[in-house]
There are 2 protein chains.
Amino acid sequence: MIVKNSIKRLLQYQMCLVRLRELGFEKVYSYVLGREAGVTAEQVRKDFSEFEIRGKRKGGYSVDETLDKLHEIFRKNVMQEVILVGMGNIGTALSRYECGFTEKRKYIVAAFDIDPSKLKRNADIPVLPVEEMEDYIREKGITVAIIAVPAISAQDVCNRLIGCGIRGIMNFAPIILKTPPHIVIDNINLCNVLEGVIYCSWYGKDSCGCE
Amino acid sequence: MIVKNSIKRLLQYQMCLVRLRELGFEKVYSYVLGREAGVTAEQVRKDFSEFEIRGKRKGGYSVDETLDKLHEIFRKNVMQEVILVGMGNIGTALSRYECGFTEKRKYIVAAFDIDPSKLKRNADIPVLPVEEMEDYIREKGITVAIIAVPAISAQDVCNRLIGCGIRGIMNFAPIILKTPPHIVIDNINLCNVLEGVIYCSWYGKDSCGCE
DNA sequence: ATGATAATGTTAAAATTTTCACATTAAATG
DNA sequence: CATTTAATGTGAAAATTTTAACATTATCAT
Ligand SMILES: NC(=O)c1ccc[n+]([C@@H]2O[C@H](COP(=O)([O-])OP(=O)(O)OC[C@H]3O[C@@H](n4cnc5c(N)ncnc54)[C@H](O)[C@@H]3O)[C@@H](O)[C@H]2O)c1
Ligand SMILES: NC(=O)c1ccc[n+]([C@@H]2O[C@H](COP(=O)([O-])OP(=O)(O)OC[C@H]3O[C@@H](n4cnc5c(N)ncnc54)[C@H](O)[C@@H]3O)[C@@H](O)[C@H]2O)c1
């Protein structure tokens, strides 16, 4: 049975393994990976067990094989194209970001904005008028989007995205988007994260139950 | 007993309540707030009960009183000053962000960078050379920092921050920072969040245990 | 007033997630 | 080649978190 947080941890392991491979590791023990990823060795083994990632008794896990397995799980072999809505402060930052610690990879293939002054049809990541958004998504068969528009417009944009086939959304607007149950949403609220850190650092880690 | 996720949810409730107040609500039922915050009514009541936020039987919760209580919990009355290290893409975006849905508020009082071309001593949020960081933090008694430097420098910056009294860190570098146990760290990994959304939207919400 | 109603608050139960314990087994050692 | 060792893999136990049930009580209608 897949545990809710295990996906998140697998991604963390993936990142750590890439770095460990860079450092010359060919195999890794659960306790080393656990230390890197900030979890216990048992958690690593349990997670790997759940996804049938096998190690060698006494020999640990092969870095390459484990990464292969993780890449398979996360479908790194197929194109993962994502569009971005809202080319403002955060949208621009994201568009310049190459994800991954060393496995540099671009996900964003196009951005859309309502403001004509933001448009840039011929850029590496083209910034197109938001009117073209639906057609573009349908044509290219995009299924995941990033919302980086003001909160007031976010639900609207969200509805339009779902209307043209988007199934997963990473949302930076500080609002909980309402969606049909089959749509995957990750509402990221950086203010709340910061306030959480402030709170925990004030009251002490123990009394606030933070990770 | 304080549940790990309850802090996160309280912050969400706070955000929702601010918006509901804007919309003219004076009282709110647990099921309404739950709907807004994306949790069950029972969860709302349970969380509020834990933090001794009281409603009226049949009457729901007073928006104002609840917000007062939340502001007290999160110490909105005292200054919450934060510094930022790394004035690159993401750092710049964050420095221009006024947190909160409507209760606009700035947290970042200064930024530090190693690159001389980034410095701007007289800006609204001054960008200072990173050599001045420790003195600034000690002088102003800052306890929370945001790390937005490349992964390769992040642990280094982190160590320096802790060395001069920082107790809480929001980290954007894709690496798990190693810190003494009393330090509060929130490692945000936007790539992993995106990959998680891609994964879940591919395999379906049910089979991946996402929220 | 008084009873019906519709919400909260809280205790108990269920579900989930993590940790533990240890059997298993591949490698290293002598 | 037998023995020791040091890791994994997993089922069971513990801990945590969420959900459910319902007793309580303020409000509203009569
Ligand atoms: N700046 C940050 O660091 C930061 C951090 C966390 C969250 N956020 C949130 O991210 C969102 C964007 O923040 P920002 O600072 O980048 O704001 P911004 O104003 O700089 O950018 C918003 C962009 O969205 C565009 N836009 C507005 N309505 C649109 C629509 N209907 N369709 C397409 N494009 C539209 C605007 O033209 C603008 O370019 C906000 O909801 C904000 O709360 C920002
Ligand atoms: N750009 C994004 O959207 C994004 C998203 C998520 C995470 N991140 C992560 O955030 C970090 C910054 O990303 P970015 O795109 O803003 O990179 P960037 O290169 O634009 O900015 C990094 C800044 O840090 C400064 N810096 C480097 N070493 C420093 C040091 N020791 N002390 C002080 N300042 C130093 C650089 O001069 C630069 O201004 C990276 O770790 C990146 O992986 C970025």
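Described in the following lines is the structure provided in the data block. (Residues numbered from 1 in each chain as written. Chains lettered and ligands numbered in written order. Predicted model: local features only at pLDDT ≥ 70, side-chain atom pairs only at ≥ 80, totals over all residues. Heavy atoms only, no water.)

Note on the copies: chain A fits chain B at an RMSD of 0.0 Å, the axial shift is 0.0 Å, and the rotation between them is 180°. The relationship between the two copies is best expressed as a two-fold rotation axis. Both copies contact each other with a shared surface, as 100% of the interface residues of chain A are interface residues in chain B too. (Least-squares fit on C-alpha atoms with pLDDT ≥ 70 in both. Contact = heavy atoms within 4.5 Å.)

As a further point, take the interface of chain A and chain B. Many authors give the size of an interface as the accessible area that is lost as the parts come together. Counting from both sides, the interface comprises 71 residues of chain A and, opposite them, 71 residues of chain B. Counting the surface lost from both chain A and chain B, the interface buries some 6400 Å², and carbon and sulfur atoms represent 65% of this. At the surface where chain A touches chain B, the tally comes to 4 salt bridges. The partner of Lys76 of chain A in a salt bridge is Glu195 of chain B, with the nearest N and O atoms 3.1 Å apart. The interface formed by chain A and chain B contains 12 residue pairs in polar contact (both at pLDDT 80 or more). (Buried area = accessible area lost by both parts, 1.4 Å probe. Salt bridge = Lys/Arg side-chain N within 4 Å of Asp/Glu carboxyl O. Polar contact = N/O pair within 3.5 Å; in protein donor to acceptor, adjacent residues only side chain to side chain.)

Core analysis: the biggest nonpolar cluster contains 96 residues, and Leu33, Ile146 and Phe172 of chain A together with Leu33, Ile146 and Phe172 of chain B have the highest contact counts within it. If near-sequence neighbours (up to four positions away) are discounted, Phe172 of chain A is found in contact with Ile90, Leu94, Ile146, Ile147, Ile188 and Leu190 of chain A together with Leu190 of chain B. (Core = buried A, V, L, I, M, F, W, Y, C linked by side-chain atoms within 4.5 Å. Buried < 20%, exposed > 50% of the residue type's maximum accessible area, 1.4 Å probe, protein only.)

Under the definition given, this model contains 12 aromatic pairs over all chains. An angle of 80° between the planes, with centres 5.0 Å apart, marks the rings of Phe48 of chain A and Tyr61 of chain A as edge-to-face. Note that Phe48 of chain A is positioned in helix 3 (residues 41-50) and Tyr61 of chain A in strand 2 (residues 61-62), a separation of 13 residues in sequence. For Tyr61 of chain A, a relative accessible area of 11% gives the class buried. Arranged with centres 5.4 Å apart and planes meeting at 85°, the rings of Tyr13 of chain B and Phe48 of chain B form a pair that is edge-to-face. Taken together, the positions of Tyr13 of chain B in helix 1 (residues 6-22) and Phe48 of chain B in helix 3 (residues 41-50) put the pair 35 residues apart, joining distant regions of the chain. You'll find Tyr13 of chain B and Phe48 of chain B in the same group, each marked buried. Grouped by ring-pair contacts, the aromatic residues Tyr13, Phe48 and Tyr61 of chain A constitute a single cluster. The aromatic ring of Tyr203 of chain B is capped on one face by Arg75 of chain A, whose charged end is 5.5 Å from the ring centroid. (Phe/Tyr/Trp six-rings, centres within 6.5 Å; stacked < 30°, edge-to-face > 60°. Helix = DSSP H or I, 4+ residues; strand = E, 2+ residues; numbered from the N terminus. Lys NZ or Arg CZ within 6 Å of the ring centre and 35° of its normal.)

A few words on the sheet that holds strand 5 (residues 127-129) of chain B. Judged by pairing direction, the sheet is parallel, and its 6 strands sit side by side in the order 5-4-3-6-7-8 (chain B) without closing on themselves. The open sheet has two free edges, formed respectively by strand 5 and strand 8 (184-187) of chain B, since each of these has just one partner strand. Ignoring which end each strand starts from, the neighbouring axes of this sheet average 25° apart. Pairing between strand 6 (residues 144-147) of chain B and strand 7 (residues 168-171) of chain B: 4 bridges, direction parallel. Residue pairing in the sheet places Ile147 of chain B in a bridge with Asn171 of chain B of strand 7 of chain B. On top of the sheet, helix 8 (residues 190-203) of chain A reaches strand 3 (82-85), strand 6, strand 7 and strand 8 of chain B; it is set at about 155° to strand 7 of chain B, its chief contact. (Pairing = 2+ DSSP bridges. Axes fitted to C-alpha atoms, helices over the stretch in contact; angles between N-to-C directions.)

Turning our eyes to something else, we now look at the pairing of strand 4 (residues 108-113) of chain B. One face of the sheet, then the other: side chains in a regular strand alternate in exactly this way. Residue and element names in this part refer to chain B. For strand 4, the tally of buried residues reaches 5 of 6 residues, placing the bulk of the element in the interior. Note that strand 3 and strand 4 share 4 bridges and pair parallel. By the bridge assignment, Leu84 is partnered in strand 4 with Ala111. Relative to strand 5, strand 4 runs parallel, the two sharing 3 bridges. Each residue of the ladder has a partner; that of Phe112, found in strand 5, is Leu128.

One pass over the structure, following the stated rule, counts 0 disulfides over all chains. Free of any disulfide, Cys164 of chain A has its nearest cysteine sulfur in Cys158 of chain A, 11 Å distant. A relative accessible area of 7% places Cys164 of chain A in the buried class. Cys191 of chain A supplies the cysteine sulfur nearest to Cys16 of chain B, a cysteine that is in no disulfide, at a spacing of 14 Å. Residue class for Cys16 of chain B comes out buried when judged on its relative accessible area of 1%. (Disulfide = S-S within 2.5 Å.)

The full set close to DNA strand C counts 25 residues, and Arg57 of chain A together with Ser30, Gly55, Arg57 and Tyr61 of chain B are the nearest of them. Arg54 of chain B has a polar side-chain atom sitting 3.0 Å from a phosphate oxygen of DNA strand C. Sorting the residues of the surface near DNA strand C by element identifies helix 3 of chain A together with helix 3 of chain B as the ones contributing at least two each. Ranked by residue count, the leading element in the surface near DNA strand C is helix 3 of chain A, at 4 residues. Grouping the amino acids of the surface near DNA strand C by side-chain chemistry returns 4 nonpolar, 7 polar and 14 charged. (Near = heavy atom within 4 Å. Nonpolar A, V, L, I, M, F, W, Y, C, P; charged D, E, K, R; others polar.)

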